[in-house]
Amino acid sequence: MSKDKPFFATGEIVQDYSLLKKYWELLRKKGKDIEAALLSREDFDYVKKLIGQRRIKLDEIYDVLINYFIDRIDPEIALNTYRETYGVETDPETARRKIAEIMAGWLIEASSYLGDIKINISWKNK
C-alpha cells in the first residue's frame, strides 16, 4: 500500500482516501476486525458478475456498490471517523455512506487496475 492510497487504488475515482484510512485506524483502536472494510476476492467477483459481458454506466455500478458496502460499515465508528476527519457533525447513515462511497470507488479502481473491467471516467467531470 502506498502512503496515500490502498492497494490497487489509482485515484481515478477516489481523490482522497483519508476517511477510509481513519476508519481503519479507529476500528483497530476499538479492537475490531477491519476485514469488512477491505476488498476481498468476493468483492472482485461481485463486480465481474454485475458487469458480465455487457456495458454498464459507471455511475450505475458505483451506486450498486455503495449499497453493497454500506452494511459492512459500523455506524458508530463511521460517525466518530467522520467527526475526527472533517471536524463536523453528521448522522451515522451519512458517515457510513461516505465510507461506502470510498470503498465502491476503490473497488472500481482496483478492478480496472487488475484488468477485470474497463472504465471511462468522463462521468465524474459532468
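The notes below deal with the structure included here. Everything numeric here is computed off the predicted structure, so don't read it as measured data.

Here's the deal with unusual backbone geometry
- Non-glycine residue Phe8 carries a positive phi angle of around 65°.
- Its place among the elements puts Phe8 in the segment before α1 (18-29).

Overview of the layout of surface pockets
- For the largest pocket, the calculated volume is near 450 Å³.
- In terms of lining, the largest pocket is formed by 15 residues, of which the most central are Arg55, Ile56, Lys118, Ile119 and Asn120.
- Those elements that place two or more of their residues in the lining of the largest pocket are α2 (41-51) and α3 (58-70).
- Here the lining of the largest pocket is built from residues that sort into 7 nonpolar, 2 polar and 6 charged.

Digging into the nonpolar core
- In terms of nonpolar packing, the biggest core is built from 39 residues, with Leu20, Tyr23, Ile61, Leu65, Trp106 and Ile108 touching the most fellow members.
- Only α1, α2, α3, α4 (75-86) and α5 (92-113) provide two or more residues apiece to this core.
- The element best represented in this core is α5, accounting for 10 residues.
- Among all residues touching Leu20, those that are not within four sequence positions of it are Ala37, Ile99, Ile102, Met103 and Trp106.

Let's talk about the packing of aromatic side chains
- Scanning all chains against the criterion turns up 7 aromatic pairs.
- Where Tyr46 meets Tyr68, the ring centres are 4.2 Å apart and the plane angle is 10°; that geometry is what we call stacked. A residue pair is termed long-range when its members are at least 10 positions apart, and Tyr46 in helix α2 and Tyr68 in helix α3 qualify at 22 residues.
- Grouping aromatic residues by their ring pairs yields a cluster made of Phe7, Phe8, Trp24, Trp106 and Tyr113.

A look at α4
- Here α4 contains 12 residues, and its C-alpha end-to-end distance of 16 Å stays within 8% of the 16 Å for a straight helix at 1.5 Å per residue.
- Taken together, the buried positions of α4 are occupied by Ile77, Ala78, Leu79, Thr81 and Tyr82.
- If you check the start of α4, you find a side-chain oxygen 3.0 Å away from the backbone N of Glu76, and it comes from Asp74.

Some thoughts on α5
- Across its 22 residues, α5 extends 31 Å between first and last C-alpha, which sits within 8% of the 32 Å expected from 1.5 Å per residue.
- Burial within α5 is extensive, with 16 of its 22 residues counted as buried.
- The N-cap residue of α5 is Asp91: its side-chain oxygen and the backbone nitrogen of Glu93 are 3.1 Å apart.
- Among the residues trailing α5, Gly115 stands out with phi positive, at a value near 85°.

Some thoughts on the environment of Arg28
- Tracing the chain through its elements places Arg28 in helix α1.
- Residues Arg28 and Tyr46 lie 18 residues apart in sequence; the distance between their C-alpha atoms is 27 Å.

Conventions and cut-offs
- Residues numbered from 1 in each chain as written.
- Predicted model: local features only at pLDDT ≥ 70, side-chain atom pairs only at ≥ 80, totals over all residues.
- Heavy atoms only, no water.
- Helix = DSSP H or I, 4+ residues; strand = E, 2+ residues; numbered from the N terminus.
- 1 Å grid on protein atoms, 1.4 Å probe; cavity = no way out; pocket = protein on both sides within 12 Å on 5 of 7 lines; lining within 4 Å.
- Points joined across faces, edges and corners; volume = space filled by probe spheres on them.
- Nonpolar A, V, L, I, M, F, W, Y, C, P; charged D, E, K, R; others polar.
- Core = buried A, V, L, I, M, F, W, Y, C linked by side-chain atoms within 4.5 Å.
- Buried < 20%, exposed > 50% of the residue type's maximum accessible area, 1.4 Å probe, protein only.
- Contact = heavy atoms within 4.5 Å.
- Phe/Tyr/Trp six-rings, centres within 6.5 Å; stacked < 30°, edge-to-face > 60°.
- Expected span 1.5 Å × (residues − 1).
- Polar contact = N/O pair within 3.5 Å; in protein donor to acceptor, adjacent residues only side chain to side chain.

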